[in-house]
2 protein chains.
Amino acid sequence: MPLLRSWLDAANDPAGPFPLNNLPYGVFSAHGGTPRCGVAIGDMILDATGLEAAGVLRLPGGPLLAEPAWNAIMAAGSDVWDALRARLTALLAEGAPERASVGPHLVPLAGAQLHLPFRVAEYTDFYAGRHHATNVGTMFRGPENALPPNWLHLPIGYNGRASSVVVSGTPVRRPWGQVKGPDDAAPRFAPSARFDIELELGAVVGTPSQAGQHVTVAEADAMIFGYVLLNDWSARDIQAWEYQPLGPFQSKATATTISPWIVTKAALEPFRTSTPAREVPLLPYLEEPGPMLYDIALEVALIPEGGEETVISRTNYAEMYYSTAQQLAHHTTSGCAMRTGDLLGSGTISGPTKDSRGSLLELSWGGKEPIAIAGGARRFIEDNDTVTLRGEARGDGYTIGFGDCTGQVIPALPQPYER
Amino acid sequence: MPLLRSWLDAANDPAGPFPLNNLPYGVFSAHGGTPRCGVAIGDMILDATGLEAAGVLRLPGGPLLAEPAWNAIMAAGSDVWDALRARLTALLAEGAPERASVGPHLVPLAGAQLHLPFRVAEYTDFYAGRHHATNVGTMFRGPENALPPNWLHLPIGYNGRASSVVVSGTPVRRPWGQVKGPDDAAPRFAPSARFDIELELGAVVGTPSQAGQHVTVAEADAMIFGYVLLNDWSARDIQAWEYQPLGPFQSKATATTISPWIVTKAALEPFRTSTPAREVPLLPYLEEPGPMLYDIALEVALIPEGGEETVISRTNYAEMYYSTAQQLAHHTTSGCAMRTGDLLGSGTISGPTKDSRGSLLELSWGGKEPIAIAGGARRFIEDNDTVTLRGEARGDGYTIGFGDCTGQVIPALPQPYER
């Protein structure tokens, strides 16, 4: 598919993140106004709430954009998703007769405040990257036992905390927690000294499933509304002490940052690619009927306060062993109902090489091999560091961008129980 | 505190579950009507939604009972909780002058349908019973390594799935899942053959905490609105295969049954009791300023289809090592925001003796020692078995009952992916 040309010149930049081919959905406020649903196009935001209220955008079962969250659209199903995308594409296309009625609903992206694009129902995180699992397993259990016995048979997942999900730009305060070094006699309560990031893609569930309903991989793919970048902030020292036997808990509950725009499945359609060859056969319920990953180039940038940016990792979502559709299908095997607004973290996306690892735990090999950054080195995240995840799918003369997923780590509270 | 006498005779039965001392909050519908907030009293339900609409019940910031869920009251805070309880107590007390205006809002409990009493925001489950953790650890890791090293230092918890929470009476379909026996070459996809219960108490969070806010144990206790009985249905064979390294996932996502009435913290106040002596000192943030457990007698009854009931376990909530207040305080150490409607499972409540264990895994010692029931024996739950949890706090001439927490296990789908 080539670039779809828009009457908005800035949307026709082949390297720009928001061409007409993209049309990602977010929530914004401008000039101190109330938050509204918006669509990124070029260097502008189309005020979708305003456009619907003005009658330029009419949706079956509408109004669906009255509240500042995309959940009503997400729940409405693929016919509405398709109708909305087709109408937006027509309104913004080069030569669109509606240009005059659309123009007043455009707001500059620069200066707009972006909010969480949807109400997060529940948050699940997976452990589905082969390289990441191998790296972490090698560090913790040695190379012979790197992959747990179940890893090649099912997408390992755990439930996270939905209340921890924040939009890009929200400061992340370094957490306190129980930590215990291998030689300590007893645990201490202290600020995390091994605070880390995890580069992930987040899938947003659109249409729900019912309790007791088993969802096939194809059906799961159809339920997904779109994708965001996701940074699953992780306190490695807290995690090491708490995670046996029931998994990570407070180590993952400080914050989970997502990028502000939901890039729709439709926009990513041209970039579908298959999961790698299976090393052992999957049970039939996990078999994919077609390509379910996407070719999305990803990078992690780190900027110390007042310093220069260093890109510390470059990788691709296509490195994953399990797709979101497989994860979502597995999620329903127990009869678990999935809901509109559920957020599924892909798992850390590491590539095969050292410079393509998606966490500092792996990049610095458990802190033993600090990585170089402009003007210094890092084992884990230091106070006032800003970490930005970026992602884009590169098409034929256009780019599908996600918008930055960024967060600055601010120092821990000095005495958390004093107020 | 003695029995508070009501003008409703049935509420004055010293063994009845719902005297004036209790006043638990639920959601009911009767005669095919829409669900409404109700208060159990004797053998009746007081239609609190109707009472507020009629102006007999006036609450600061009201109306707070217009929707069929107690969340608005829960969020309103302890002044409103106290005002509501005081007003209900006055309206229903022996000699209350308002009797004539209250009477028309009473509906017989028998025949009313009960619904989830609140919207569950997120669900967390803990592993905080010393006897349960020792039993399970002994089975899985041997008696020397029964308790994980962190167990005596922190209340181990994991995030569960809020969409799995159902009200008492909801049938529970036996789940399918990946299972692999120790001698199997590869996993199979099959109905769970080791489907189990877990006897727990569920705490309902009333007032929220903010992201980044550290909550003390005393503050955590103040945030709790009330308690329900909770059965954390668990597929032990699915759990055994999936739970390393990130904890239980689909094994716990089929259903979590709660009793229909929220028994308030105020009603349980006379039954406060302390956690047992600490075997190792706790970090200061987990120390309790006063008694934070409750003396609540609990039992588990099992009834095969068409058969007789057997009480398979009798225990007490006072057996727990960690209280809900400690768990909730720990939950916020990372800066995790807690929300109105969060549900915290206590962890399985097992006592020190064989007949006081809170799961079949423990009662049948991993299935090796079937327990006798009327007309048969059980290792795990069989199809069409009904399991009922019961709980009561026994006061001076009165009883605080929870109402049954019951669920029947119905057979697995024959072919889950055929429709």
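As the structure is a prediction and not an experimental result, all values here were calculated from the model.

**What about unusual backbone geometry?**
Argument step 1. Q244 of chain A connects to P245 of chain A through a cis peptide bond whose omega is 5 degrees.
Argument step 2. As for its position among the elements, P245 of chain A is in the loop between α7 (236-242) and β16 (256-258).
Argument step 3. Following G62 of chain B, the chain continues to P63 of chain B via a peptide bond in cis, the omega torsion being 5 degrees.
Argument step 4. Even without being glycine, H31 of chain B reaches a positive phi, approximately 55 degrees.
Argument step 5. Inspection of the secondary structure puts H31 of chain B in the loop between β1 (25-29) and β2 (36-41).
Argument step 6. Residue N384 of chain B is not a glycine yet carries a positive backbone phi of 75 degrees.
Argument step 7. Summarising the element assignment, N384 of chain B is placed in the loop between β24 (376-378) and β25 (386-394).

**Some thoughts on the UniProt feature "binding site: Ca(2+)" (unreviewed entry) in chain A**
All names here are of chain A.
Argument step 1. Mapped onto this numbering, the UniProt entry gives "binding site: Ca(2+)" (unreviewed entry) at D125, E198, E200 and D232. Their sequence span is 108 residues, while the largest C-alpha to C-alpha distance among them is just 10.9 Å; these annotated residues converge on one region.
Argument step 2. Inspection of the secondary structure puts D125 in strand β6 (residues 123-126).
Argument step 3. If sequence neighbours within four positions are ignored, D125 has contacts with I156, G157, Y158, E198, E200, D232, K252, G345, S346 and G347.
Argument step 4. Within the local environment of D125, its side chain forms a polar contact with the side chain of Y158, the two groups lying 2.9 Å apart.
Argument step 5. Looking at where E200 falls in the secondary structure, it is placed in strand β13 (residues 199-205).
Argument step 6. On the basis of relative accessibility, which here comes to 0%, the residue E200 falls in the buried class.

**Things to note about the environment of G157 of chain A**
Argument step 1. Mapped onto the elements of the fold, G157 of chain A is located in strand β7 (residues 157-159).
Argument step 2. The class for G157 of chain A is buried, based on a relative accessible area of 2%.
Argument step 3. Residues G157 of chain A and A128 of chain A, spaced 29 residues apart in sequence, show a C-alpha to C-alpha distance of 8.2 Å.
Argument step 4. Non-local contacts of G157 of chain A, meaning those with residues more than four positions away in its chain, are made with D125 and F126 of chain A together with F249 of chain B.

**Remarks on the relation of the copies chain B and chain A**
Argument step 1. Mapping chain B onto chain A calls for a rotation angle of 180 degrees and an axial translation of 0.0 Å; the resulting RMSD is 0.0 Å. Such a turn and shift between the copies fits a two-fold axis. The C-alpha atom lying nearest the rotation axis in chain B is that of G247 of chain B; the distance is 2.1 Å.
Argument step 2. Both copies present the same face, since 100% of the interface residues in chain B are matched by interface residues at the equivalent positions in chain A.

**Some details on the packing of aromatic side chains**
Residue and element names in this part refer to chain B.
Argument step 1. Tallying each qualifying case throughout the model produces 31 aromatic pairs over all chains.
Argument step 2. Considering the side-chain rings of Y321 and Y322, the 5.1 Å spacing of their centres and the 80 degrees angle between planes classify their relative orientation as edge-to-face.
Argument step 3. For Y321, a relative accessible area of 1% translates into the label buried.
Argument step 4. According to the relative accessible area criterion, Y322 is buried, its value standing at 1%.

**Section: the pairing of strand β25 (residues 386-394) of chain A**
Residue and element names in this part refer to chain A.
Argument step 1. Where strand β20 (residues 297-303) lies against β25, seven bridges are found, and the strand directions are antiparallel. Bridge pairing in β25 links V300 to L389.
Argument step 2. Pairing of β25 with strand β27 (residues 405-410), which is carried by four bridges, proceeds in the antiparallel orientation. What sits directly across from T388, in β27, is T406.
Argument step 3. Between β25 and strand β26 (residues 399-401), which pair antiparallel and follow one another directly, the connecting turn spans four residues, one of which, G397, has a positive phi of 85 degrees.

**Some words on the domain arrangement of chain A**
Residue and element names in this part refer to chain A.
Argument step 1. By the assigned domains, chain A splits into domain 1 (9-115) and domain 2 (123-410).
Argument step 2. The straight-line distance from the C-alpha centre of domain 1 to that of domain 2 is 28 Å.
Argument step 3. At the interface, 26 residues of domain 1 touch 25 residues of domain 2.
Argument step 4. When the buried area of domain 1 at its contact with domain 2 is split by residue, Y25, M74 and W81 rank highest and sum to 30% of it.
Argument step 5. Applying the counting criterion to the domain 1 and domain 2 interface returns zero salt bridges.
Argument step 6. At the surface where domain 1 touches domain 2, the tally comes to four residue pairs in polar contact (both at pLDDT 80 or more).
Argument step 7. Sort the elements by how many residues they give to the side of domain 1 that touches domain 2 and helix α2 (residues 71-76) lands first, with four residues.
Argument step 8. Split by residue class, the side of domain 1 that touches domain 2 holds 17 nonpolar, eight polar and one charged.

Criteria and cut-off values
- Residues numbered from 1 in each chain as written.
- Chains lettered and ligands numbered in written order.
- Predicted model: local features only at pLDDT ≥ 70, side-chain atom pairs only at ≥ 80, totals over all residues.
- Heavy atoms only, no water.
- Helix = DSSP H or I, 4+ residues; strand = E, 2+ residues; numbered from the N terminus.
- UniProt positions renumbered as here; feature names shortened; annotations may be inferred.
- Contact = heavy atoms within 4.5 Å.
- Polar contact = N/O pair within 3.5 Å; in protein donor to acceptor, adjacent residues only side chain to side chain.
- Buried < 20%, exposed > 50% of the residue type's maximum accessible area, 1.4 Å probe, protein only.
- Least-squares fit on C-alpha atoms with pLDDT ≥ 70 in both.
- Phe/Tyr/Trp six-rings, centres within 6.5 Å; stacked < 30°, edge-to-face > 60°.
- Pairing = 2+ DSSP bridges.
- Domains from an automatic or database assignment.
- Buried area = accessible area lost by both parts, 1.4 Å probe.
- Salt bridge = Lys/Arg side-chain N within 4 Å of Asp/Glu carboxyl O.
- Nonpolar A, V, L, I, M, F, W, Y, C, P; charged D, E, K, R; others polar.

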